[in-house]
Amino acid sequence: MHILRVFAVLALLPFTALGAIENGSWTLSSAEQPGTVQFSLQGANGGHHFNSSSDWQLVDLRGLDWTTAAKHDVHFTIARDAGTIDGQGFVQDQRGAGLFTFKSNPQYQQDMSKLGYSFEDKDLFSAAVFDVSLEFVRALKSLGVRGLDAGKLLAFRIHGVTPEFIRNLRAAGLEAADAGNLIAFRIHGVSAEFVGELSHLGYPHAPPDQLIALRIHGVTPEYIEGLRSKGMQNLTLDQLVSLRIHGID
């Protein structure tokens, strides 16, 4: 199952294999969740490109006039520990576009170095966009997460590996300390609820690779209960994965 960690690392390449981003373009549109917008950023440096689009909290775009329907010029800032994104452009009927500049915070690299992590200049724009804050990193260190580096910290933010997610997994009985496993858990949907359901079915303390394999191949608690209702009792997790792979319903 080590290939799963490779996939998790590959997911980072569009963000970390960049030259230092200093400027680019942005677009905005309305989002379903109140207080959020669909915010996209595009940038380039040499032959490398950055493209990110996701829901953002309106409060993170400081100074943005979002309520005026008529076309109007806007200016906003996104202040992060890693640096500040300064955006200018226009908005009309809750849609907008414009240009941005990024100014990194040199103190960020020094502070991260003190915490044991090396962020290069090319990493700073991604660290700002995905908000790899000092507070976030300190929380992970306090939880004793192993194998962290700048790339994995970015992966944690991109895929939603939060301190709360880790604490919930631990409360469900997992060690949840390896950074690579935690990224794979989040990508493939290994949640505290899933671990708890497996334990209830008689599979406590399943190893990380097996948990990931169960989620990849669709071995759900409902699937296990369905097999048991047909008389297939006491199956191992490896047997359950094998049955699912071969289409046994």
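Refer to the structure printed above.
The following refers to the structure shown. Quick caveat, the model's predicted, so the values are computed rather than measured. Each chain has its residues counted from 1, following the order in which its sequence is written. Two thresholds apply to this predicted model, a pLDDT of at least 70 for residue-level local features and 80 or more for giving and counting side-chain atom pairs, whereas whole-chain, interface and lining totals are computed over all residues. As a rule here, side-chain values come from all non-hydrogen atoms in the structure, and water together with hydrogens is ignored.

## What to know about the pairing of strand E4 (residues 72-80)
Residue burial is assigned from relative accessible area. The probe radius is 1.4 Å, only protein chains are included, and a residue is buried under 20% of its type maximum, exposed over 50%, and partly exposed in between. Helix numbers and strand numbers start at the N terminus; a helix is a DSSP run of H or I with at least 4 residues, a strand a run of E with at least 2. Here E4 shows a clear split, with His72, Val74, Phe76, Ile78 and Arg80 buried on one side and none of Asp73, His75, Thr77 and Ala79 buried on the other. Any two strands are treated as partners once DSSP identifies two or more bridges connecting them. Connecting the antiparallel pair E4 and strand E5 (residues 83-92) is a turn made up of 2 residues.

## Description of the packing of aromatic side chains
Pairing of aromatic side chains requires ring centres within 6.5 Å, counting the rings of Phe and Tyr and the six-membered ring of Trp. Pairs whose planes differ by under 30 degrees are stacked, by over 60 edge-to-face, and all others tilted. Under the criterion given, the structure shown has 9 aromatic pairs. Consider the rings of phenylalanine 50 and phenylalanine 125, whose centres lie 5.0 Å apart with planes at 75 degrees: the pair is edge-to-face. With phenylalanine 50 in strand E3 (residues 48-57) and phenylalanine 125 in helix H4 (residues 124-129), this pair connects stretches of sequence that are 75 residues apart. Residue phenylalanine 50 shares its accessibility class with phenylalanine 125, and that shared class is buried. On the numbers, 5.5 Å between centres and 70 degrees between planes, the contact of tyrosine 108 with phenylalanine 119 is edge-to-face.

## Re the layout of surface pockets
Definitions used throughout: a 1 Å grid over protein atoms alone; a cavity as a set of points that fits a 1.4 Å probe which cannot get out; a pocket as an open set with protein on both sides within 12 Å along at least five of seven lines; a lining residue as one with an atom within 4 Å of a point. Grid points are joined across faces, edges and corners, and a volume is the space filled by probe spheres set on the points. Empty space within the largest pocket amounts to approximately 350 Å³. Ser54, Asp55, Trp56, Val129 and Phe130 are the residues nearest the centre of the largest pocket, which is lined by 15 residues in total. Taken together, the elements giving at least two residues each to the lining of the largest pocket come down to E3 and helix H6 (150-159). Top element by residues in the lining of the largest pocket is E3. It accounts for 6 residues. Each residue gets one of three labels, nonpolar for Ala, Val, Leu, Ile, Met, Phe, Trp, Tyr, Cys and Pro, charged for Asp, Glu, Lys and Arg, and polar for the others, Gly among them. Per-class residue counts for the lining of the largest pocket are 5 nonpolar, 5 polar and 5 charged.

## Topic: the side chain of threonine 36
Structurally, the position occupied by threonine 36 is in strand E2 (residues 36-45). Accessibility expressed as a relative area gives 9% for threonine 36, which makes it buried. Within 3.5 Å is the distance limit for a polar contact, defined as a pair of N or O atoms, with the added protein rule that one can donate a hydrogen and the other accept it, and that residues adjacent in sequence qualify only through two side-chain atoms. Separated by 2.6 Å, the side chain of threonine 36 and the backbone oxygen of glutamine 33 make a polar contact. Apart from the residues lying within four places of it in its own chain, the contact partners of threonine 36 are Ala31, Trp56, Gln57 and Leu58. Contacts are assigned to residue pairs with any non-hydrogen atoms lying within 4.5 Å of each other.

## A look at the pattern of salt bridges
What counts as a salt bridge is simple: a side-chain nitrogen of Lys or Arg found within 4 Å of a carboxyl oxygen of Asp or Glu. In the structure shown here, the tally under the stated rule is 5 salt bridges. Measuring nitrogen to oxygen at the nearest pair gives 3.3 Å for the salt bridge that ties aspartate 123 to lysine 122. The class of aspartate 123 is buried, set by a relative accessible area of 6%. Take lysine 122: its relative accessible area is 27%, and that puts it in the partly exposed class.

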